[in-house]
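Okay, here's what each chain looks like letter by letter:
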Amino acid sequence: MHPNDPRLRSFIEVKADSDFPIQNLPYGVFSTADHPSPRVGVAIGDYVLDLAALQAAKLLDLPEGVFAQGSINAFMALGPNVWRSTRARISALLRHDNAELRDNAELRAKALLPMRQVKLHLPLRVEGFTDFYSSKEHATNVGTMFRDKTNPLLPNWLHIPIGYNGRASTVVVSGTAIHRPRGQLKPPSAELPSFGPCKRLDFELEIGVVVGQSSVMGSMLTEAQAEEMIFGFTLLNDWSARDIQQWEYVPLGPFQAKAFATSISPWIVTREALEPFRVAGPAQDPAPLPYLQQKGANNYDMALEVALRTPEMPQPARISATNFKYMYWSSVQQLVHHASSGCAMSVGDLLGSGTVSGPEKDQLGSLLELSWNGTEPLQLPGGESRSFLEDGDSLVMRGWCQGDGYRVGFGEVEGTVLAASE
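Residue positions are counted from 1 within each chain, in the order its sequence is given. This being a predicted model, a pLDDT of at least 70 is required before a residue's local features are given, and a value of 80 or more before pairs of side-chain atoms are given or counted; all residues contribute to the totals for chains, interfaces and linings. Each side-chain value is worked out from all heavy atoms of the structure, with water and hydrogens disregarded.

Remarks on the packing of aromatic side chains
As a reminder, the rule being used: Stacked, tilted and edge-to-face pairs are distinguished by plane angle, under 30 degrees for stacked and over 60 for edge-to-face with tilted covering the rest, among Phe, Tyr and Trp rings (Trp via its six-membered ring) whose centres lie within 6.5 Å. Helix and strand assignments come from DSSP, with helices taken as H or I runs of at least 4 residues and strands as E runs of at least 2, each series counted from the N terminus. For the exposure calls, accessible area comes from a 1.4 Å probe over protein chains only, and a residue counts as buried if that area is under 20% of its type's maximum, exposed if over 50%, partly exposed in between. In our convention, an over-ring charge means Lys NZ or Arg CZ found within 6 Å of a ring centre and within 35 degrees of that ring's normal.
Going through the model one piece at a time under the given rule, you end up with ten aromatic pairs. Considering the side-chain rings of Phe233 and Tyr300, the 5.2 Å spacing of their centres and the 65° angle between planes classify their relative orientation as edge-to-face. Of this pair, Phe233 sits in strand β14 (residues 230-237) while Tyr300 sits in strand β19 (residues 299-300); the two residues are 67 residues apart in sequence, bridging distant segments of the chain. Summarising the burial analysis for this pair, Phe233 and Tyr300 share the class buried. Every member of this aromatic cluster is reached through a ring pair, and the members are Tyr27, Phe67, Phe75, Trp83 and Phe231. The side chain of Arg407 reaches across the aromatic face of Trp400, ending 4.5 Å from its centre.

A look at the environment of Asn141
We apply this condition: Residue contacts follow a heavy-atom distance rule, with two residues in contact if any of their heavy atoms lie within 4.5 Å.
Among the secondary structure elements, Asn141 is positioned in helix α6 (residues 136-146). Separated by 93 residues in the primary sequence, Asn141 and Thr234 place their C-alpha atoms 25 Å from one another. Once residues lying within four places of it in the same chain are set aside, the contact partners of Asn141 are Leu364, Glu369 and Trp372.

Remarks on the environment of His179
As a reminder of what qualifies: We call two N or O atoms a polar contact when they sit within 3.5 Å, provided that within protein one can donate a hydrogen and the other can accept it, with sequence-adjacent residues counted only if both atoms are side-chain atoms.
In this structure, His179 sits in strand β9 (residues 178-179). Residues His179 and Ala88, 91 residues apart in the sequence, show an inter-C-alpha distance of 41 Å. Here the side chain of His179 touches Ala419 through a polar contact of 2.9 Å, landing on its backbone oxygen.

Things to note about the nonpolar core
Our working rule: The nonpolar core is taken to be a set of buried Ala, Val, Leu, Ile, Met, Phe, Trp, Tyr and Cys residues, with the residues joined through side-chain atoms within 4.5 Å.
If you look at the biggest cluster of nonpolar residues, it comprises 64 residues, and the most contacted ones within it are Leu274, Met302 and Leu335. Core analysis: the second largest hydrophobic core is formed by 42 residues, Leu25, Ala53, Met76 and Phe231 among them.

Comments concerning unusual backbone geometry
A cis amide bond links Val250 with the next residue in sequence, Pro251, at an omega value of 15°. With respect to the helices, strands and loops of the structure, Pro251 is situated in the loop between α8 (242-248) and α9 (256-259). Of note, the amide linkage connecting Asp285 to Pro286 takes the cis form, showing an omega dihedral of 10°. Secondary-structure assignment places Pro286 in the loop between β18 (278-279) and β19. For Lys58, which is not a glycine, the phi torsion comes out positive at approximately 70°. Checked against the element boundaries, Lys58 lands in the loop between α1 (51-56) and α2 (73-76). Of the residues examined, Lys58 reaches a relative accessible area of 73% and is grouped as exposed. The phi dihedral of Asn373 falls on the positive side, at around 60°, and the residue is not glycine. Position of Asn373 among the secondary structure elements: in the loop between α11 (367-370) and β23 (378-379). On the accessibility criterion, Asn373 (23% relative accessible area) is partly exposed.

Next comes the structure, spelled out in structure tokens:
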């Protein structure tokens, strides 16, 4: 059976609403108290399967030590054929009717670890980070608020995937607390800028694309080549300081407003696992230039949710629910355009999709939109409201694709806002 076959069952019990059935098998990096060296594993139900332990037991035929390290970069560098064969082998080892691992009690005790007992780390060594601006709904909303209500999209937006190069050094794993950034602020009423803590801290709901193969400087990519270079996808929160951004973004775009933190989920869902959920994106009018035109359906039917918990709330409350299928520019188009100037792509590059916003009010992927730049504060259970994030607030993002009796999910990406550091 193909690893995506909905009929597959594992000998590990997996609940129907679990993000991690046998049809998923996302990659991550973890450690344990008795084995503190990070290594690579996959999620299955409520367990982490230690791939370094399987390789040591000669159940995986790969270069020595490829999983006994603190990132998946070395594995990604082996290429798409190895990605596919390894996922198929792991799937076979976890099947309910395969005795190799199922009936080896000693190896199971070493290799199958309850997720509650492990520490999850940043799953890849991020070589470069680029963030895009590819939701037509989000770009239209922002343009309406800040530029021109009658013509909110800039002339180039419908022709190229707009992006900027961010900071790989501040990409952190879910659960990492985020200090409120400091920067130059100049509200419209002020004559001169001042320096201090951001007052309009926001999130952006995004999907991160993990590049698993490199390209040669000076070369371009076809649609097929770009697709093969994508290893997988992860949840991404592009933390944003809106007041710092408003003062600095003209003429060269975001800088310090985005550089202070980007959070990703600890699990990378492979492109192959998402294959059953591919859909066509929105019609693109005008048609892109030939190098950006797509033959395939490169969007995904992927449900996304954001929940907010304030220090006064016992449980997070959902504030947005949208879908990745709304993105105007696909991940493949973003990668093709990124390399089109001759820019070399590297194993471990991370591409942010840009804020995922849908057409309805409750499908917006940032507080900037949900509160309409603070003019319509978001009402929360218990009587609180938010225009932007306050110290102590926690954001949780989740995402999944719904299959027939199973779902392929990403877990979650969480971050709590701390006061600006002294």
